[in-house]
Amino acid sequence: MEGWAAEAHLFSISPPIHQSNTPLPPMSWQRKHLLDIESLSVEEIITVLDTARAFKAVGQRAIKKVPALRGKTVVNLFIEPSTRTRTSFELSEQRLSADVVNFNTEASSLKKGETLKDTARNLEALNIDIIVIRHSASGAPHFLARVLHASVINAGDGAHEHPTQALLDMFTIREKKGRIEGLNVTILGDILYSRVARSDIWALTKLGAKVTLCGPSTLVPRVFEQMGCRVTYDVEEAIRDADIINLLRIQHERQRKSMFPSLNEYSSLFGLNKARLALTKPDALIMHPGPINRGVEIDSQIADCGRSVILEQVTNGLAVRMAALFLVNGGKGPHEVAP
Ligand code: CP
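(A) Local environment of the environment of Ser92. Of note, Ser92 is situated in helix H3 (residues 84-95). Remark: the alpha-carbon pair of Ser92 and Thr164, spanning 72 residues in sequence, is separated by 12 Å. Ignoring anything within four residues of it in the chain, the contact list for Ser92 reads Leu318, Arg321, Met322 and Leu325.

See below:
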């Protein structure tokens, strides 16, 4: 394990920089990397969302491909499993006309003991322009951004952050509700081990939503209140006034010990079932980053019901990832996306 894989960072929590802002005029994007939501300003988040909206319109045209990344090479370095993020990055890169390399971890020299740094620097020696990385260690994308010349996009690092997931969640909420500021958003489940929760909390609090966290006390420590959230262990109370209910699965792969007695007990105490759904506002939306565990955090029928926007989140991921790739490659904002 390399020194940068600082486990302590996993649980470090600092208060949000911006809170409760009215939408600001979009700014010109200046960043070379997209590593987290924590360091983004409200203006930068809105620039990504507006650029994604322009790309979503492009995706509805007969010819969905644009030349924005023609001649550029993107490597998808997924050293942890993924279905949604990996596939939508690959499709986004193709839609932007990039040359795409999907790194095959199992068939790579990582298996022979090569370090992440050496692997990435060897890929860079092949003249790549952008690396999209998913890694089980928090901080891996930040590390690569320090040692490479290429742009780096974080596709999920340990329990730290998953910025493009949060951006597609914000995009979906804004599209469905017309705003984010002032909405009650409840995130229910395994918050402690969730990179999606951290990125969503940063984004939601910066954009002015009121965030409630709920789940077993072992998975929702009160320290999250320092991020500007409300913490409750009463699930009925947590969902009653929510405009958005964002469910998270139990992240067994990151838990080093059992955090609750059984999945059955978790499901009965915190799962979103028919009886609990009946307590919620009729227009409350059900979100989930996936993969869903049917019958654990969500009843199967609720996952597929009319109030679930789970698959729309996946669809919006394409436009958001096109925007992220476009911006880190030097794009300035939505005005540069051809209508
Ligand atoms: N939401 C998400 O990151 O899903 P994948 O692990 O399938 O990419």
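(B) Geometry of the packing of aromatic side chains. This model, assessed by the stated rule, comprises 2 aromatic pairs. Centre to centre, the rings of Phe55 and Phe326 are 5.3 Å apart; their planes meet at 75 degrees, and the pair counts as edge-to-face. A residue pair is termed long-range when its members are at least 10 positions apart, and Phe55 in helix H2 (residues 42-59) and Phe326 in helix H12 (residues 310-328) qualify at 271 residues.

(C) Seen up close, the pattern of salt bridges. Counted by the stated rule, this structure contains 13 salt bridges. For the salt bridge of Lys176 with Glu312, the shortest nitrogen-to-oxygen distance reads 2.7 Å. Of the two residues, Lys176 is situated in helix H6 (residues 163-177) and Glu312 in helix H12; the sequence distance between them amounts to 136 residues. You can call Lys176 partly exposed: its relative accessible area is 38%. A residue is classified by how much of its surface remains accessible, and Glu312, at 31% relative accessible area, is partly exposed. In this structure, Arg230 and Glu237 form a salt bridge, with 2.9 Å as the shortest nitrogen-oxygen distance. For Arg230, a relative accessible area of 38% gives the class partly exposed. Residues participating in the shared-partner salt-bridge network are Asp50, Arg53 and Arg174.

(D) Region of interest: the site of the ligand. In the vicinity of the ligand, the contacting residues are Ser82, Thr83, Arg84, Thr85, Arg134, His162, Gln165, Pro289 and Gly290. A distance of 2.6 Å separates an oxygen atom of the ligand from a polar atom in the side chain of Ser82. Gln165 places a polar side-chain atom, nitrogen or oxygen, 3.1 Å from a nitrogen atom of the ligand. Look at the ligand: alone it shows 250 Å² of surface, and the protein chains cover 92% of it. Residues of the shell around the ligand, tallied by class, amount to 1 nonpolar, 6 polar and 2 charged.

(E) Representation of the sheet that holds strand E2 (residues 99-102) in the model. Within the open sheet, the 4 strands sit side by side as E2-E1-E3-E4. Their pairing is parallel. Looking at the sheet topology across the chains shown, the edges are occupied by E2 and strand E4 (151-157). In this sheet, adjacent strand axes meet at a mean angle of 15 degrees when their direction is disregarded. When strand E1 (residues 73-78) meets E2, the two strands line up parallel, connected through 4 bridges. Within E2, the residue paired with Thr73 across the bridge is Asp99. Where helix H5 (residues 140-147) meets the sheet, its contacts fall on E1, strand E3 (130-135) and E4, and the angle it forms with E4 comes to roughly 165 degrees.

Conventions used here
Residues numbered from 1 in each chain as written. Predicted model: local features only at pLDDT ≥ 70, side-chain atom pairs only at ≥ 80, totals over all residues. Heavy atoms only, no water. Helix = DSSP H or I, 4+ residues; strand = E, 2+ residues; numbered from the N terminus. Contact = heavy atoms within 4.5 Å. Phe/Tyr/Trp six-rings, centres within 6.5 Å; stacked < 30°, edge-to-face > 60°. Salt bridge = Lys/Arg side-chain N within 4 Å of Asp/Glu carboxyl O. Buried < 20%, exposed > 50% of the residue type's maximum accessible area, 1.4 Å probe, protein only. Near = heavy atom within 4 Å. Polar contact = N/O pair within 3.5 Å; in protein donor to acceptor, adjacent residues only side chain to side chain. Areas by Shrake-Rupley, 256 points an atom, 1.4 Å probe, with all protein chains shown as cover. Nonpolar A, V, L, I, M, F, W, Y, C, P; charged D, E, K, R; others polar. Pairing = 2+ DSSP bridges. Axes fitted to C-alpha atoms, helices over the stretch in contact; angles between N-to-C directions.

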